[in-house]
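# Topology and contacts: notes
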Amino acid sequence: MGNLSQIRRAEMLEYLNHLKEIHTDDESRIALGKIETALTEKKYGLVWEEHEEEVDKKLVHNIPVFREIEDKKIIGDNTSDFNFILEGDNLHSLKLLKKTHMGKIDVIYIDPPYNTKNKEFIYNDTRIGEDDTYRHSKWISFMSERLVIAKELLSDEGVIFISIDDNEQGQLKLLCDQIFGEKNFIANIVRNTNSSKNQSLYVSVSHEYCLIYSKDYEKLQVRHKDNKWETEKNNIDEYEKKVKQLQKLGLSHDEITEELKELTKYPRFIDFTNYWYFDDRGLYQKADLGGVKNGNKTPIINPLTNEEDPVPPGGFRYSNEKLNELISENRIHFHTDGSLPRLKRYLLENRKQRPKSIMSDDQRPDYTLLKNMDIEFDNPKQMAFMKRILSIFDNNSLYLDFFAGFRVIIVIEANSYVNIKSSRLLPKFKTQKINSWCAA
């Protein structure tokens, strides 16, 4: 099948060459050259009407300067690493950071304006709504300029996390493919926000996204070859708390197991499917003692029945000595119905896992936290989600969030959780809410 666009382009270029032969004056040659450039430039990818911001015009003849504000200084331990906040237009700050932090940032997390139809995106001091026919182009222009600088700030092994929703997710993915390179795409996390938009006529939307890109995928891969990304299982503390609550009710082990089976049907507890059993050591799931082809075929005695238990197909994966050790440590789950014995895999020994591309957290604790601080804020990022991202990286990492004043109201608290050094940029709106956090 022929490339129709290529055929039409070739026809136009052929006619353009004909015009060049007719119009040989300098003015015509320059104009025709611009037309030829437009016809031959890249055609696959994101296309938008590029817009200039007022801040771009100011930067032509004005250089932004950092100025310390003494009455907003946060006094801490001078002997340890510190966080700092830059307040102002984030494009100003990003351009300044190019001079001080080029190639030095390990992790960038941003939660930019989602460009919904509710005029939450401010462009040149004007709230952009669905009545603006260029709202997507303005948002892409706004993001493109900042993401280009963000890439330059990242270290070679650096990564960027970008939260977004359906309004611009498709456009953002193409934009990031263009800026960071499609080969540097890591994942697109789908995050259950636990706050459905029930006013929808058709589908109750209860999720957002978080795009992850690397600066250089190959270098990042080398760094983590023997040190893969790990986080604690989603909502592990909350699950363990639920178990303790059930134990306090005086339920039997079997009754608690049935309750836990129901609990793990909820999305935010899906990581604990099969972690339904417990003994004095703690919660565990049943794991396979076999799974090999030429294993140990010697039967073991079931202490509950005092009889030999069946041997897994292919035999046990462990020697007699190891099996006896596991039995003496009460690390094998025996049955009374003739089922195969199973290994007890304890949650306390398997708290971590590879980050999953679907995450679900409870947003209610964050609403309560903000309410207690007399702060009204719609759809805050869950503390658990932020902690999970930050916990992937070591404490010596340098972090940057250049949309901290917009929607992300828990970055400072989550940041203190992993005791990291951080750069923070605030745009010129909604800074008061972040300042409350700075003072905390």
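Up top is the structure.
Right, let's walk through the structure included here. Numbering of residues begins from 1 in every chain and follows the order in which that chain's sequence is written. Residues qualify for local features only when their pLDDT is at least 70, as the model is predicted, and side-chain atom pairs are given and counted only at 80 or more; totals for whole chains, interfaces and linings, by contrast, use all residues. Excluded from the side-chain calculations are hydrogens and water; all other atoms, namely the structure's heavy atoms, are used.

By the criteria applied, helices consist of DSSP H or I runs no shorter than four residues and strands consist of E runs no shorter than two, each listed in order from the N terminus. Helix and strand content of the chain: 14 helices and 18 strands. Exposed residues in this analysis have more than 50% of their type's maximum accessible area, buried residues have under 20%, and partly exposed residues fall in between, with area computed by a 1.4 Å probe over protein chains only. Considering the chain as a whole, with its 440 residues, one finds that 43% of them fall into the buried category. The contact definition used throughout considers only heavy atoms, calling two residues in contact when any of these lie within 4.5 Å. The contacts in the chain between residues at least 6 apart in sequence include a share of 70% that link residues at least 24 apart.

A few words on the side chain of Ser137. Structurally, Ser137 can be placed in helix 5 (residues 135-153). Judged by its relative accessible area of 11%, Ser137 falls in the buried class. Setting aside its immediate chain neighbours within four residues, Ser137 contacts Trp48, Glu49 and His51.

Here a strand pair is declared whenever DSSP counts at least two bridges between the two strands. The sheet built from four strands is open, its strands ordered 9-10-14-13 with antiparallel pairing. Here the strands that pair on one side only, and so sit at the sheet edges, are strand 9 (277-279) and strand 13 (332-333).

In this section: the pattern of salt bridges. Note on definitions: salt bridges are taken to be side-chain nitrogens of Lys or Arg within 4 Å of carboxyl oxygens of Asp or Glu. Scanning the entire structure with this criterion turns up 19 salt bridges. A salt bridge links Arg331 to Glu329, with the shortest nitrogen-to-oxygen separation between them at 3.3 Å. For Arg331, a relative accessible area of 18% translates into the label buried. Salt bridges linked by common partners bring Glu232, Asp237, Glu240 and Arg351 together as one network.

Before going further, it helps to spend a moment on the nonpolar core. Where a protein is soluble and globular, its nonpolar side chains tend to be buried together. If you look at the biggest cluster of nonpolar residues, it comprises 35 residues, and the most contacted ones within it are Ile108, Leu147 and Ile160. Looking at this core, the elements with two or more residues in it are helix 3 (54-61), helix 4 (90-101), strand 2 (105-110), helix 5, strand 5 (154-164), helix 6 (169-181), strand 7 (207-214) and strand 17 (398-401). With eight residues, helix 5 is the single largest residue contributor to this core. Remark: nonpolar core denotes a set of buried residues (Ala, Val, Leu, Ile, Met, Phe, Trp, Tyr, Cys) joined through side-chain atoms within 4.5 Å.

With that settled, the discussion passes to unusual backbone geometry. Its identity as a non-glycine residue notwithstanding, Asn235 has a phi of 65°, on the positive side. Its location among the elements puts Asn235 in the loop between strand 8 (231-232) and helix 8 (236-248). In this structure, Asn306 is a non-glycine residue whose phi angle is positive, near 60°. By the element assignment, Asn306 lies in the loop between strand 11 (301-302) and strand 12 (307-308). Judged by its relative accessible area of 64%, Asn306 falls in the exposed class.

To get an axis, a line is fitted to the C-alpha atoms, and for a helix only the part in contact is used. The angle between two axes follows their N-to-C directions and goes from 0 to 180 degrees. Direction vectors running N to C along helix 3 and helix 4 enclose 45°, while the axes themselves pass 10 Å from each other. Compared by their axis directions, helix 3 and helix 4 come out oblique. Residues Val55, Asp56 and Leu59 of helix 3 form the contact with helix 4, whose own contacting residues are Leu91, His92 and Lys95. Within the contact of helix 3 with helix 4, the residues separate by chemical class into three nonpolar, one polar and two charged. Comment on the angle field: the value is read as roughly parallel under 35 degrees, roughly antiparallel over 145, roughly perpendicular from 65 to 115, and oblique elsewhere. In the scheme used here, Gly and all other residues not listed as nonpolar or charged are polar, with Ala, Val, Leu, Ile, Met, Phe, Trp, Tyr, Cys and Pro taken as nonpolar and Asp, Glu, Lys and Arg as charged.

Here a cavity denotes grid points, spaced 1 Å and computed from the protein atoms alone, that fit a 1.4 Å probe unable to get out, and a pocket denotes an open set having protein on both sides within 12 Å along at least 5 of 7 lines; residues with an atom within 4 Å of a point are the lining. Grid points are joined across faces, edges and corners, and a volume is the space filled by probe spheres set on the points. Overall, the coordinates contain two cavities of 30 Å³ or more when judged by the stated rule. Around the second largest cavity, the lining residues are Asp106, Val107, Glu157, Gly158, Val159, Leu220, Arg223, His224, Phe393 and Ser397. Elements with a minimum of two residues in the lining of the second largest cavity: strand 2, strand 5 and helix 7 (217-223). For the lining of the second largest cavity, the element with the most residues is strand 5, which contributes three residues.

Moving on to the pairing of strand 5. Buried residues dominate strand 5, accounting for nine of its 11 residues. Judged from the five bridges that link them, strand 2 and strand 5 form a sheet pairing that is parallel. Of the residues in strand 5, the one forming a bridge with Val107 is Val159. In the sheet, strand 5 pairs with strand 7 via six bridges, with the strands oriented antiparallel. Its bridge partner lying in strand 7, Ile162 is registered against Leu211.

All right, on to the packing of aromatic side chains then. Aromatic contacts are taken between Phe, Tyr and Trp rings whose centres are within 6.5 Å, Trp giving its six-membered ring; a plane angle under 30 degrees counts as stacked, one over 60 as edge-to-face, and the others as tilted. One pass over the structure, following the stated rule, counts 13 aromatic pairs. A centroid spacing of 5.9 Å and a plane angle of 50° characterise the contact between Phe142 and Phe403, whose relative ring orientation is tilted. Taken as a pair, Phe142 in helix 5 and Phe403 in the loop between strand 17 and helix 13 (411-418) lie far apart in primary sequence, 261 residues in all. Ring geometry for Phe402 and Phe403: centres 5.3 Å apart, planes at 40°, overall tilted. Of the two residues, Phe402 and Phe403, neither departs from the other in class, the shared state being buried. Taken together through their ring pairs, the aromatic side chains of Phe161, Trp229, Phe393 and Tyr399 make up a single cluster. Of note, Lys173 hangs over the ring of Phe185, and the distance from its end group to the ring centre comes to 4.4 Å. The residue whose ring lies beneath Arg191 is Phe385, and the NZ or CZ to ring-centre distance is 4.9 Å. Lysine and arginine charges are scored as sitting over a ring when NZ or CZ, respectively, is within 6 Å of the ring centre and within 35 degrees of the ring normal.

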